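Topology and contacts: notes
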Amino acid sequence: MGVVIEFKNVTYSYPLTDEPVIRDMSFTLEGGKFYGVIGENGSGKTTLCSLIRGFAPSFYKGELQGQVLVDGKPTVDYGPGELSLKIGYVFQNPFNQISGVKDTLFEEVAFGLENFGVPPEEIEERVVEVMKMTNILQLAEKNPFELSGGQMQRVALASVIVLKPDILVIDEPTSQLDPEGTESVFKIIEEMKKEKKTVILVEHKIDLVAEYADEVLVLKDGRLIRKDATAKVLTDMSLEKEGVQLPQMAILGNRLVESGVPLRYIPVTEAQACEVIGEAIRKGGK
Amino acid sequence: MNEKKHSIKSDFSMLAILIIPIAVAVNFVGGQLASLLKLPMYLDTIGTIFAGMLCGPWVGAVAGGLTNVVTGIANPVNFAFIPVNILAGLVTGFLSRGKMFSTWWKWLISMVLMAFVSIASSAPIVVLVYGGVTGSGTSLITAAAMAAGANIWAAVIGTEGIWTVVDRVISFLIGYLVIRVIPARTLVKFGCGENYIKKPAKTGK
Amino acid sequence: MWREKLQLHKTNPIAALYPSCKFLILCLYAVCSFVLGSIGVGEGDYPLFLIPWFFVVPILSAASGVWKRFVHAFRAVLFIAALILVVQALLIPSEKVVWQLGFLRIYQAGLKSGLSLSFSILNIAGMFVWLFQTTENKEFTRALEDSGMNYKAAYVFISSLQMIDVLGKNSRTIMNAQRARGVETEGNMIVRAKAFFPSLVPLIVGAITSSEERVLTLESKGFDVNGPKTSLFELKKSGKEPLAGGIAIVVTLAVIVGRIVVWVL
């Protein structure tokens, strides 16, 4: 698959502000890949998502220089609602992601499909499928306003996945979840990747990014300071000075190499660490 | 920036559409809270007022009218007051557009005007449809004034009038406090929001 | 099977009528009320026909199987109507005194206008109570949308009803929190009026700022997309609408003819 998203010298500032939040950003994202976006708070991650989805500048107004292209067409040229079929956007606060007009969770998840005019039989099929996948089918008859933060987050994800967009932009989907819930959300996202969808995920939990993302984008003060394969970015110790939190396994690996333990490569996930450190120990043991 | 053009259609932006339910609910909750705190006022136009302030007259009017439609479902007597609430939204919206909420004395004029409009619009309904009493706390005073020999119009305007003025003062104060707390980056997205942003003193950063 | 659960299954034939048919009945009933109210009876020209006519409302509600809900919702209307009757009869002075007990006097003009106002309200508001107690909100919006109302208007209506629930709950939470923090909610009126502000302002501000994200939510879910929408909830006609509407029209015509006959005689 080719390029689906392209930033051409993008600089963007919100209204009433002097300082741009995104500065001179250029990059391309390819279809079917899983991108992790990391960076400190206020580095422009959420704004990046809004730009991809076209909410900046269409809703936030403000000033956009350069171009954001989705499937080769600038986001500002898409008509109302057109991008919602292409890009599914799940944002941070799950409590504001319900329609506010539905009595049951089942109808809530179906809301988007009704808007797109999908026939009722198909709606039911798709909604049931997605609710099973996100493990919320047992809540189907509950009132959307009565859910916990974690359940809300899964509902938010489900009601976007059900639309089957090609691109998924997900902004910190696990802030309200415990480790178990987080893991399950990542399993869902992985499922999306298997379906050849492009995933752009903002996430603080670096170990999970290390495990699932194909490539990582690192943002700092509105600039893109690194974009490369996950293993390359997350083992780059110089990023620590830029305030980027690296996975524990990568730090451990680096320390081991520094202290003379010969590792075949620097691990970023637990599984990799087990593999290379195990190798080294077995070799050393001989 | 040159004068903004207004069309009714552009007034009803997505954000304005979402403000209407909030305004309706605030009207409702305000009224409930007022009776919970045993205040002798209705305080049920606060939502209409900030909807009008933020989004202009037409959105304010819809918020006002819809409030009485919705409360009318529980008690159809409220249907009769639909015009009063619509008018409140319209007047606030036009005042907001005319930048009548920029200085304290303009606020004062606006409040007096609003109080006058709501008395003038509700008194005929109270007298002609309800014969002077609507079952609220002030009805007793109205009835007492009538018993003392006052003309029904004088009794209604006299008693309802005082509380209406107090009601509007409190409602506008809340509207003012709300708008002061909302961050500027949110305010700019509303049709009339710019009127409430302190001119950005260009800080030479 | 999920879709089936979302549908309404009404067994009562009157309650199952299509909303627009019920609304037609309501309008015709209001017309009849005005016509009957214009017939003056006896020396004082009292609109006495309104009183027996009013019995249609509770009978219809009972026949629709919503008697309990009707009584519950109707109490507020009844209270106001009674209040109006008493105040008007006792306090609108005219030369003719119909009845006197000590200092209480019922005046003829007051009694006439009191009867007219209170029974008009009972009739019309009562019929609205019947309509709302036999029809669910989603039936109204569905019917309005099916008849061409803009989906945004439908959204605003339903969302308002939900928002009242949500903000109502939030306001109680905030008020309790304020109480715990020492904001006084009892005492003289100034104290109570002061408690009003900290309870309401954060509620409104929170709701307004969260509506920003709500806009994005709706746009993400294709609320703005041009083209036909579908709905999981379907509203069907029960088939008895022509019969019910027909009866209402016949009764109305009979009332109007009767009025003309009384006039001519």
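Residues numbered from 1 in each chain as written. Chains lettered and ligands numbered in written order. Predicted model: local features only at pLDDT ≥ 70, side-chain atom pairs only at ≥ 80, totals over all residues. Heavy atoms only, no water.

**Looking at the pairing of strand β8 (residues 198-202) of chain A**
All names here are of chain A.
- Across the five residues that make up β8, a large majority, five, are buried.
- Burial along β8 is two-sided: the residues Thr198, Ile200 and Val202 and Val199 and Leu201 are all buried.
- Alignment of strand β7 (residues 167-171) against β8, held across five bridges, turns out to be parallel. When the sheet's bridge partners are listed, Asp171 is paired in β8 with Val202.
- In this region the chain leaves β7, passes through helix α7 (residues 179-194) and returns to the parallel neighbour β8; the handedness of that crossover is right-handed. (Buried < 20%, exposed > 50% of the residue type's maximum accessible area, 1.4 Å probe, protein only. Helix = DSSP H or I, 4+ residues; strand = E, 2+ residues; numbered from the N terminus. Pairing = 2+ DSSP bridges. Right-handed = clockwise from strand over helix to strand, strands pointing away.)

**A word on the interface of chain C and chain A**
- Every contact between the two is made by 32 residues of chain C and, on the other side, 45 residues of chain A.
- At the boundary of chain C with chain A, total buried surface from both sides reaches about 3500 Å², with 57% on carbon and sulfur atoms.
- Broken down residue by residue, the surface that chain C buries against chain A is led by Trp2(C), Lys221(C) and Leu232(C), which jointly contribute 22%.
- Seen at the junction of chain C and chain A, the total is four salt bridges.
- With a closest N to O distance of 3.9 Å, Arg3(C) and Glu121(A) form a salt bridge.
- Here chain C is connected to chain A by 17 residue pairs in polar contact (both at pLDDT 80 or more).
- Of all elements in the fold, only α1 (2-6), α8 (151-180) and α9 (189-220) of chain C reach the threshold of two or more residues within the side of chain C that touches chain A. (Contact = heavy atoms within 4.5 Å. Buried area = accessible area lost by both parts, 1.4 Å probe. Salt bridge = Lys/Arg side-chain N within 4 Å of Asp/Glu carboxyl O. Polar contact = N/O pair within 3.5 Å; in protein donor to acceptor, adjacent residues only side chain to side chain.)

**Some words on the sheet that holds strand β1 (residues 3-13) of chain A**
Residue and element names in this part refer to chain A.
- On the basis of which strands lie adjacent, the open sheet formed by four strands has the order β2-β1-β4-β5 and antiparallel pairing. The open sheet is flanked by β2 (22-30) and β5 (73-74), the only strands paired with a single partner.
- Pairing geometry for strand β4 (residues 63-70) and β5, over two bridges, is antiparallel. Its bridge partner being in β5, Val70 is matched across the sheet by Lys73.
- Packed onto the sheet, helix α1 (residues 45-53) meets β1, β2 and β4 and runs at close to 120° relative to β1. (Axes fitted to C-alpha atoms, helices over the stretch in contact; angles between N-to-C directions.)

**Considerations on empty space enclosed by the protein**
- For the structure on display, the rule yields one cavity of 30 Å³ or more.
- In this structure, the largest cavity spans a volume of roughly 50 Å³.
- Every residue lining the largest cavity is listed: Leu18(B), Ile22(B), Ser159(C), Met163(C), Ala207(C), Ser210(C), Ser211(C) and Arg214(C).
- Of all the secondary structure elements, the ones that give two or more residues to the lining of the largest cavity are α2 (14-36) of chain B together with α8 and α9 of chain C.
- The leading source of residues in the lining of the largest cavity is α9(C), at four residues. (1 Å grid on protein atoms, 1.4 Å probe; cavity = no way out; pocket = protein on both sides within 12 Å on 5 of 7 lines; lining within 4 Å. Points joined across faces, edges and corners; volume = space filled by probe spheres on them.)

**Focus: the nonpolar core**
- By size, the foremost hydrophobic cluster in this structure holds 170 residues, and its most contacted members are Phe7(A), Ile174(B) and Phe196(C).
- The contacts of Ile174(B), once residues within four sequence positions are left out, are Ile46(B), Phe196(C), Phe197(C), Leu200(C), Val201(C) and Ile204(C). (Core = buried A, V, L, I, M, F, W, Y, C linked by side-chain atoms within 4.5 Å.)

**Here we look at the domain arrangement of chain A**
All names here are of chain A.
- What the domain assignment lists for chain A is domain 1 (3-229) and domain 2 (247-286).
- Each of domain 1 and domain 2 was reduced to a C-alpha centroid, and the two centroids are 35 Å apart.
- Taken together, the contact pairs four residues of domain 1 with four residues of domain 2.
- Between domain 1 and domain 2 lies a buried interface of about 290 Å² when both sides are counted; carbon and sulfur atoms form 72% of it. (Domains from an automatic or database assignment.)

**Quick word on the pattern of salt bridges**
- The full count for this structure, using the stated rule, is 24 salt bridges over all chains.
- Close ionic contact of Glu108(A) with Lys221(C) constitutes a salt bridge, the shortest N to O distance being 3.8 Å. Within this pair, whereas Glu108(A) is found in helix α4 (residues 105-115), its partner Lys221(C) is found in the loop between α9 and α10 (241-264), the two belonging to separate chains.
- In this structure, Lys193(A) engages Asp214(A) in a salt bridge whose closest nitrogen and oxygen atoms are separated by 3.1 Å. With Lys193(A) in helix α7 and Asp214(A) in the loop between α8 (206-212) and β9 (215-220), this pair connects stretches of sequence that are 21 residues apart.

**Some words on the packing of aromatic side chains**
- Taken as a whole and assessed by the stated rule, the structure comprises 28 aromatic pairs over all chains.
- Each ring, one from Phe79(B) and one from Phe128(C), has its centre 4.6 Å from the other, and the planes form 55°; the classification is tilted. Here Phe79(B), found in the loop between α4 (57-74) and α5 (82-97), pairs with Phe128(C), found in helix α6 (residues 108-134), and the two come from separate chains.
- When its relative accessible area of 17% is taken as the criterion, Phe79(B) is described as buried.
- Plain terms: the ring middles of Trp107(B) and Tyr176(B) are 5.1 Å apart, the flat faces sit at 85° to each other, and that makes the pair edge-to-face. (Phe/Tyr/Trp six-rings, centres within 6.5 Å; stacked < 30°, edge-to-face > 60°.)

**Quick look at the interface of chain B and chain C**
- Opposite the 59 residues of chain B that make contact, chain C presents 57 residues.
- For the chain B and chain C pair, buried surface summed over both sides reaches about 4900 Å², with 85% attributable to carbon and sulfur atoms.
- Area buried by chain B at its contact with chain C is led by Met14(B), Leu37(B) and Ile73(B), which between them contribute 14% of it.
- There are one salt bridge connecting chain B and chain C.

**A look at the environment of Phe223(C)**
- Relative to the helices and strands, Phe223(C) resides in the loop between α9 and α10.
- Sequence separation between Phe223(C) and Phe132(C) is 91 residues, and the spatial gap between their C-alpha atoms is 28 Å.
- Those residues in contact with Phe223(C) that lie beyond four places of it in its chain are Phe111(A), Asn115(A), Met14(B), Tyr151(C), Lys152(C), Tyr155(C), Leu218(C) and Lys229(C).

**Describing a negative patch on the surface**
- Where like charges cluster on the molecular surface, the negative patch consists of Glu125(A), Glu129(A), Glu191(A) and Glu195(A).
- Looking at where Glu129(A) falls in the secondary structure, it is placed in helix α5 (residues 120-133). (Patch = residues over 30% accessible without salt bridge, like charges linked within 9 Å, V, L, I, M, F, W, Y side chains within 5 Å. Areas by Shrake-Rupley, 256 points an atom, 1.4 Å probe, with all protein chains shown as cover. Lys, Arg positive; Asp, Glu negative; His and termini not counted. Charge placed at Lys NZ, Arg CZ, Asp CG, Glu CD.)

**As for unusual backbone geometry**
Residues and elements named next belong to chain A.
- Here the amide bond leading from Ala56 into Pro57 is cis, since omega sits at 5°, within 30 degrees of zero.
- We note that Asn135 has phi near 60°; this positive angle belongs to a residue other than glycine.
- Take Asn135: it is sitting in the loop between α5 and α6 (149-161).
- For Asn135, a relative accessible area of 47% gives the class partly exposed.
- With a phi angle near 65°, Lys196 is a residue other than glycine that sits in the positive phi range.
- Here Lys196 is to be found in the loop between α7 and β8.
- Lys196 sits in the exposed class, given a relative accessible area of 56%.

**A closer look at the packing of α2(B) against α8(C)**
- It is at 7 Å that the axes of α2(B) and α8(C) come closest, and there the two elements cross at 40°. Classified by the interaxial angle, the pair formed by α2(B) and α8(C) is oblique. Like other packed secondary-structure pairs, α2(B) and α8(C) cross with a definite hand, here right-handed. (Parallel < 35°, antiparallel > 145°, perpendicular 65-115°, else oblique. Left-handed = near helix turned anticlockwise from the far one by under 90°.)

**Re the side chain of Thr174(A)**
- Along the polypeptide, Thr174(A) turns up in the loop between β7 and α7.
- Beyond its immediate sequence surroundings of up to four residues, Thr174(A) is in contact with Gln153(A), Thr182(A), Val185(A), Phe186(A), Glu203(A) and Lys205(A).

**Focus: the packing of α2(B) against α9(C)**
- α9(C) packs onto α2(B) with a crossing angle of 155° between their chain directions and a minimal axis gap of 9 Å. Taken together, the axes of α2(B) and α9(C) lie roughly antiparallel to each other. Of the two possible hands of crossing, α2(B) and α9(C) adopt the one that is right-handed.
- In terms of residue class, the contact of α2(B) with α9(C) is built from 17 nonpolar, three polar and three charged. (Nonpolar A, V, L, I, M, F, W, Y, C, P; charged D, E, K, R; others polar.)

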